[in-house]
Amino acid sequence: MSNLFNPFHRIAGVKALVWGEFFTIALSVLFIISDVAQDGFMHFTLLDTAAWKVLLMNHLAWLIFALLLYIGGAAMSRSRVRIIDVVGTIGFSQLLLIPMNAGFYIPAWRASFAESINRIVTGVMPQEVSMLPIVAMGVWSMIWLVLFVAWSYNAFCVSCNVRGTKAVIKFIVAWVIASVAVTQLAKLIYL
Amino acid sequence: MIIALSAAQIIEHDLHFIKIIFNFVKQTFNFTTMTNHKMPTLCPSCDETLKVETLRCEGCDTLVKGCYALPRFMRLTSEEQEFLLEFIECSGSLKELAARRSLSYPTVRNMLDNTIDHLKNIE
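Since the structure is predicted, the reported quantities are computational estimates derived from the model, not experimental observations.

A. Layout of the side chain of B:Glu86. Turning to its location among the elements, B:Glu86 is positioned in helix H2 (residues 78-89). Only 3.1 Å separates the side chain of B:Glu86 from the side chain of B:Arg101, close enough to count as a polar contact.

Structure, rendered in structure tokens:
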């Protein structure tokens, strides 16, 4: 059970980095096939864009967050922090982004979700729009997002040997900075 | 040279021999019991570090009484002691220890750092 929330007692370093790269490429391929793009740190949208842009954004989101955690962890840890452990474990957490965005690649779900969104955007009265696909997508994504937060926080704790209030604050700060930075970069890249 | 022993001396000699056998059996039994139990290092009622008051020779049953502080190693938790022994067995290689325990490298490194911190606090 503990492995479900913290697999990093078992995997880190180069092995996690290789898996992280594999998961990021797999996620990018699914995004390219389904015309999805990452336009924020934990924000994804339906967007038909160049494959290299999707690949670049997915990598940037991972690396920026990992680097921010490394800087925060190295500053407060009494252990010798290896950047490969931080980048690797955060990379391994990218696995959760694949099921998180399942609603985008399952055709029936995607179609009903897109239709509901289109109807709202085109000004159809909310009571005439089926909210079920949107709510289902929200709940589904939220479950995986919570697990992603748990994994990435545990990745930070294990790879930097930090814990407690200071670690939580540094993690939140890294998350906020990454959110701002990735959103700004997405605007530049998808222009 | 022939030494004539009295009946009393023969009985005394035999009794001494029986006593040695008895002590051997008793010590073997005690040893088995000891290895099954962890040595307590903290007081169960106030959590203060315990001290050794009596030492016993298993060969002749001599008791030494005093007040001896536990060595630093003994004041670590049993998990930490096991970890350090295993670390030495791996010639101080964290990578090897991680592979042996099926744990990631940063996990064993954190365990070592936490043990070092504990040792420093014991000082």
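Back to the write-up after that little detour.
B. Main features of the environment of A:Gly73. Residue and element names in this part refer to chain A. Mapped onto the elements, Gly-73 comes out in helix H3 (residues 51-76). Given a relative accessible area of 0%, Gly-73 falls into the buried group. In sequence terms Gly-73 and Cys-157 are 84 residues apart; their C-alpha atoms lie 8.3 Å from each other. Not counting residues within four places of it along the chain, the set of residues in contact with Gly-73 comprises Val-81, Phe-156, Cys-160 and Val-162.

C. The nonpolar core, seen in detail. Residues A:Phe41, A:Phe65 and A:Leu69 are the most contacted members of the largest nonpolar core, which totals 50 residues. Discounting residues that sit within four places of it in the chain, A:Phe65 has contacts with A:Phe41, A:Ile90, A:Ser152, A:Phe171, A:Ala174, A:Trp175 and A:Ala178. With 13 residues, the next largest nonpolar core counts B:Leu94, B:Ala98, B:Leu103 and B:Ile122 among its residues.

D. The interface of chain B and chain A, seen in detail. Across the boundary between the two partners, chain B contributes 12 residues, which contact 17 residues of chain A. Each partner contributes to the roughly 1,000 Å² buried at the junction of chain B and chain A, and carbon and sulfur atoms together form 38% of this total. Of all residues in chain B, B:Tyr105, B:Pro106 and B:Arg109 give up the largest surface area on contact with chain A, accounting jointly for 36% of the area buried on that side. At the surface where chain B touches chain A, the tally comes to 1 salt bridge. B:Asp117 is paired through a salt bridge with A:Arg78; the nearest N and O atoms lie 2.9 Å apart.

E. Quick look at the side chain of A:Ser93. Residues and elements named next belong to chain A. Looking at where Ser-93 falls in the secondary structure, it is placed in the loop between helix H4 (83-92) and helix H5 (97-100). We classify Ser-93 as buried; its relative accessible area is 0%. Reaching out from Ser-93, the side chain makes a polar contact with the backbone oxygen of Thr-89 at a distance of 3.1 Å. What Ser-93 contacts, discounting residues up to four positions off in sequence, is Phe-8, Phe-148, Trp-151 and Ser-152.

F. Examining the packing of aromatic side chains more closely. Residues and elements named next belong to chain A. The final tally for this structure, using the stated rule, is 20 aromatic pairs over all chains. Aromatic side chains Phe-8 and Trp-151 sit 6.0 Å apart centroid to centroid with 85 degrees between the ring planes, which places their arrangement in the edge-to-face category. Of this pair, Phe-8 sits in the loop between helix H1 (2-5) and helix H2 (13-34) while Trp-151 is found in helix H8 (residues 132-160), placing the two residues 143 residues apart along the sequence. Aromatic pair Phe-41 and Trp-175: ring centres 4.9 Å apart, planes at 85 degrees, arrangement edge-to-face. Taken as a pair, Phe-41 in the loop between strand S1 (36-40) and strand S2 (43-46) and Trp-175 in helix H9 (residues 165-190) lie far apart in primary sequence, 134 residues in all. Of the residues examined, Trp-175 reaches a relative accessible area of 18% and is grouped as buried. Chaining the aromatic ring pairs together yields one cluster made of Phe-41, Phe-65, Phe-148, Tyr-153, Phe-156, Phe-171 and Trp-175.

G. Representation of helix H4 (residues 105-122) of chain B. Taking 1.5 Å per residue, 18 residues should reach 26 Å; H4(B) reaches 26 Å between its end C-alpha atoms and fits that length. Those residues of H4(B) that fall on the buried side of the exposure criterion are B:Tyr105, B:Pro106, B:Thr107, B:Val108, B:Arg109, B:Asn110, B:Leu112, B:Asp113, B:Thr115 and B:Ile122.

H. Layout of the pattern of salt bridges. Throughout the structure, instances matching the rule amount to 6 salt bridges over all chains. The partner of A:Arg82 in a salt bridge is A:Asp85, and the shortest N-O contact between them spans 2.8 Å. The closest approach of N and O atoms between B:Glu86 and B:Arg101, which form a salt bridge, is 3.1 Å. In this pair, B:Glu86 sits in helix H2 while B:Arg101 sits in helix H3 (residues 94-101), placing the two residues 15 residues apart along the sequence. A relative accessible area of 24% means that B:Arg101 is categorised as partly exposed. Salt bridges sharing partners connect three or more residues here, namely B:Glu86, B:Glu89, B:Arg100 and B:Arg101.

I. Seen up close, the state of the cysteines. Residue and element names in this part refer to chain A. Applying the stated criterion across every chain, the model contains 0 disulfides over all chains. The thiol sulfur of Cys-160 is not disulfide-bonded, and the nearest other cysteine sulfur, from Cys-157, lies at 8.5 Å. Assessed through its relative accessible area of 0%, Cys-160 is described here as buried.

J. Representation of the environment of A:Thr24 in the model. All names here are of chain A. Here Thr-24 is to be found in helix H2. Spatially, the C-alpha atoms of Thr-24 and Leu-97 are 8.8 Å apart, while their sequence positions differ by 73 residues. Here Thr-24 is in contact with Asn-58, His-59, Trp-62 and Gln-94, once residues within four sequence places are set aside.

K. View of the packing of H3(A) against H8(A). Residues and elements named next belong to chain A. Following both chains from N to C, one finds H3 and H8 inclined at 45 degrees, their axes separated by 10 Å at the closest point. Here H8 runs oblique to H3, going by the angle between their axes. Seen along the crossing, H3 lies across H8 with a hand that is right-handed. In this structure, H3 uses Phe-65, Leu-69 and Gly-73 to contact H8, whose residues at the interface are Ser-152, Phe-156 and Cys-160. The class makeup of the residues in the contact of H3 with H8 is 4 nonpolar, 2 polar and no charged.

Scoring rules and cut-offs
Residues numbered from 1 in each chain as written. Chains lettered and ligands numbered in written order. Predicted model: local features only at pLDDT ≥ 70, side-chain atom pairs only at ≥ 80, totals over all residues. Heavy atoms only, no water. Helix = DSSP H or I, 4+ residues; strand = E, 2+ residues; numbered from the N terminus. Polar contact = N/O pair within 3.5 Å; in protein donor to acceptor, adjacent residues only side chain to side chain. Buried < 20%, exposed > 50% of the residue type's maximum accessible area, 1.4 Å probe, protein only. Contact = heavy atoms within 4.5 Å. Core = buried A, V, L, I, M, F, W, Y, C linked by side-chain atoms within 4.5 Å. Buried area = accessible area lost by both parts, 1.4 Å probe. Salt bridge = Lys/Arg side-chain N within 4 Å of Asp/Glu carboxyl O. Phe/Tyr/Trp six-rings, centres within 6.5 Å; stacked < 30°, edge-to-face > 60°. Expected span 1.5 Å × (residues − 1). Disulfide = S-S within 2.5 Å. Axes fitted to C-alpha atoms, helices over the stretch in contact; angles between N-to-C directions. Parallel < 35°, antiparallel > 145°, perpendicular 65-115°, else oblique. Left-handed = near helix turned anticlockwise from the far one by under 90°. Nonpolar A, V, L, I, M, F, W, Y, C, P; charged D, E, K, R; others polar.

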